[in-house]
Amino acid sequence: MKYLIPIVAWFISTLTFAADNVPPIVKQFGEQQGITILKEISAPGGVKSWLGQYQDMGVTLFLTPDGKHVISGYLYDDKGKNISEEYFNNEIYIPLGRKMWDSLNKADPLKEGADNAPRKVYVFADPFCPYCKAFWSEAQPWVKAGKVQLNTLLVAFLNPKSGRNATAILNADNPVEAWKEYELSGGKKLPKYEGAASREIFNLLQNHQKLMDELGANATPAIYYMNDKNELQQVVGMPDDKQLLDMFGPKPE
């Protein structure tokens, strides 16, 4: 997965830990260096170790046997493998990615495809994003074959008219069909919508933007899916052929 720093920062702010179990010298060091102590970890060699966050990045802290000194840095094995990175992935990035996936599953997207499709993909899309249209078009064979459920979360920031168009689509009697027709027409077929956006639609667009910001994406399409290891994956921009196969699986015949 491409774990972006804002994802980690957003979720780390929600974590709690047993501060009373952290030795005073480790706690003091963390406070002095701006490190948030997250949890104690079991490091090889019997050294007492903690996982922390420094400037939105994972960090490992080690207590010397005399209990009077703290070492901050990475832990390597005898083959030069960075063990600390494994802790960051297993203890922070992967679990937090799964939490964010839960947040995506609680969103209110434009849903195409069956709920029991073997793969589920979320994409943040702006009505004026040409790469969003290209991605939507590429996804259709998998969606129509029942292999993928495509969940589109409309956002509005690329064009002054993005909000108007997104609102018109979301306000349609059948928003999913309205989005399909809009994409198939190259953005020319838009449901008529008079007046200001309802509070419900306004809040929906705001929530989509907030969720996209929390995931660390600043461009569309911003695409999220779970790989075979149940790890959250992110692709920002139009995926290449390999990325499409990774997220969708083999192309239907």
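Provided above is the structure to which this section pertains.
The structure presented is a predicted model; accordingly, all values stated were derived computationally and were not measured.

1. Some details on the overall build of the chain
Here comes step 1: Scanning the chain from N- to C-terminus turns up eight helices and nine strands.
Here comes step 2: Across its three principal axes, the chain shows a C-alpha extent of roughly 75 × 45 × 25 Å.
Here comes step 3: Considering the chain as a whole, with its 253 residues, one finds that 43% of them fall into the buried category.
Here comes step 4: Here the chain displays about 13600 Å² of accessible surface, and carbon together with sulfur accounts for 49% of that area.
Here comes step 5: Side chains of the chain carry 27 positive and 30 negative charges; the gap between the two charge centres is 3 Å.

2. Observations concerning the pairing of strand 3 (residues 57–63)
Here comes step 1: Of all seven residues in strand 3, six are buried, a share of seventy percent or more.
Here comes step 2: Where strand 2 (residues 48–54) lies against strand 3, seven bridges are found, and the strand directions are antiparallel. From the neighbouring strand, glutamine 53 faces strand 3, where its bridge partner is glycine 58.

3. Some details on the packing of aromatic side chains
Here comes step 1: Using the criterion set out here, one finds six aromatic pairs in the structure.
Here comes step 2: A ring pair is formed by tryptophan 179 and tyrosine 182, whose centres lie 6.0 Å apart and whose planes are at 15°; its orientation type is stacked. Of this pair, tryptophan 179 and tyrosine 182 both sit in helix 6 (residues 175–184), three residues apart, roughly one helical turn. In terms of burial, tryptophan 179 and tyrosine 182 fall into one category: buried.
Here comes step 3: Among the aromatic residues, those joined into a cluster by ring pairs are Phe135, Trp142 and Phe248.

4. Thoughts on the side chain of glutamate 183
Here comes step 1: For glutamate 183, the location among the structural elements is in helix 6.
Here comes step 2: Buried charged residue glutamate 183 carries no salt bridge. Nearest counter-charge: lysine 133, at 6.6 Å.
Here comes step 3: In contact with glutamate 183, not counting residues within four places along its chain, are Cys132, Lys133 and Trp136.

5. A few points about the sheet that holds strand 4 (residues 70–73)
Here comes step 1: The four strands lie next to each other as 1-2-3-4, forming an open sheet whose pairing is antiparallel. In this open sheet, the two edge strands, each paired with only one partner strand, are strand 1 (35–42) and strand 4. Between one strand and the next, the sheet's axes are offset by a mean angle of 30°, whatever the strand orientation.
Here comes step 2: Helix 3 (residues 83–105) contacts strand 1, strand 2, strand 3 and strand 4 of the sheet and is inclined by roughly 120° relative to strand 3.

6. Considerations on the pattern of salt bridges
Oppositely charged side chains can pair when the atoms bearing their charge come close.
Here comes step 1: Taken as a whole, this structure holds eight salt bridges when the rule is applied.
Here comes step 2: In this structure, glutamate 181 and lysine 189 form a salt bridge, with 3.7 Å as the shortest nitrogen-oxygen distance.
Here comes step 3: A relative accessible area of 47% means that lysine 189 is categorised as partly exposed.

7. Focus: the nonpolar core
Here comes step 1: Ranked by size, the top nonpolar core spans 31 residues in total, and within it Val121, Phe135, Leu150, Leu154, Trp179 and Phe248 carry the most contacts.
Here comes step 2: Of all the secondary-structure elements, those providing two or more residues to this core are strand 6 (119–125), helix 4 (130–144), strand 7 (148–154), helix 5 (162–171), helix 6, helix 7 (199–214), strand 8 (222–226) and helix 8 (241–248).
Here comes step 3: Here this core gets six residues from one element, more than from any other, and that element is helix 4.
Here comes step 4: Aside from chain neighbours lying at most four places away, what touches leucine 154 is Leu110, Ala125, Ala166, Ile169, Leu170, Trp179, Leu205 and His208.
Here comes step 5: In this structure, Met100, Phe124, Leu153 and Met226 belong to the second largest nonpolar core, which totals 15 residues.

8. Here we look at the sheet that holds strand 7
Here comes step 1: Spatially, five strands are ordered 5-7-6-8-9 in an open sheet, and the strand pairing comes out mixed. Two strands close off the open sheet at either side, each with one partner strand: strand 5 (110–112) and strand 9 (232–236). Adjacent strand axes in the sheet meet at a mean angle of 20°, parallel and antiparallel pairs treated alike.
Here comes step 2: The pairing of strand 6 with strand 8 spans four bridges and is classified as antiparallel. Looking at the pairing, valine 123 lines up with isoleucine 223 of strand 8.
Here comes step 3: Strands strand 5, strand 6 and strand 7 of the sheet are contacted by helix 6, whose axis makes an angle of about 80° with strand 5.

9. Here's the deal with the environment of asparagine 82
Here comes step 1: Its location among the elements puts asparagine 82 in the loop between strand 4 and helix 3.
Here comes step 2: According to the relative accessible area criterion, asparagine 82 is buried, its value standing at 18%.
Here comes step 3: In the structure, asparagine 82 is positioned 34 residues away from asparagine 116 in sequence and 39 Å away in space, judged by C-alpha atoms.
Here comes step 4: Contact partners of asparagine 82, with chain neighbours within four places excluded, come to Tyr74, Leu75 and Tyr76.

Conventions adopted
- Every chain begins its residue count from 1, and numbering advances along the sequence as written.
- Residue-level local features of this predicted model are given only where pLDDT is at least 70; pairs of side-chain atoms are given and counted only at 80 or more, and the full residue set underlies all totals for whole chains, interfaces and linings.
- To obtain the side-chain values, all non-hydrogen atoms of the structure were used and water was disregarded.
- For helices the rule is a DSSP run of H or I covering at least 4 residues; for strands it is a run of E covering at least 2, with both sets numbered from the N terminus onward.
- Relative accessibility decides the category of a residue: with a 1.4 Å probe and only protein chains considered, values under 20% of the type maximum give buried, values over 50% give exposed, and everything between is partly exposed.
- The accessible surface values rely on the Shrake-Rupley method and a 1.4 Å probe; as for residues, cover is taken only from the protein chains in view.
- We treat Lys and Arg as the positive residues and Asp and Glu as the negative residues; His and chain ends play no part in the count.
- Charged groups are reduced to one reference atom each: NZ for lysine, CZ for arginine, CG for aspartic acid, CD for glutamic acid.
- Note on pairing: DSSP must find at least two bridges between two strands before they are called paired.
- When two rings of Phe, Tyr or Trp (its six-membered ring) have centres within 6.5 Å they constitute a pair, described as stacked for plane angles under 30 degrees, edge-to-face for angles over 60, and tilted for the intermediate range.
- Within this document, salt bridges are pairs made up of a side-chain nitrogen of Lys or Arg and a carboxyl oxygen of Asp or Glu, the two lying within 4 Å of each other.
- Contacts are assigned to residue pairs that have any heavy atoms within 4.5 Å of one another.
- Between the N-to-C directions of two axes lies an angle of 0 to 180 degrees, each axis being a line fitted to C-alpha atoms and, for a helix, fitted only over the stretch in contact.
- To form a nonpolar core, buried Ala, Val, Leu, Ile, Met, Phe, Trp, Tyr and Cys residues must be joined to one another through side-chain atoms within 4.5 Å.

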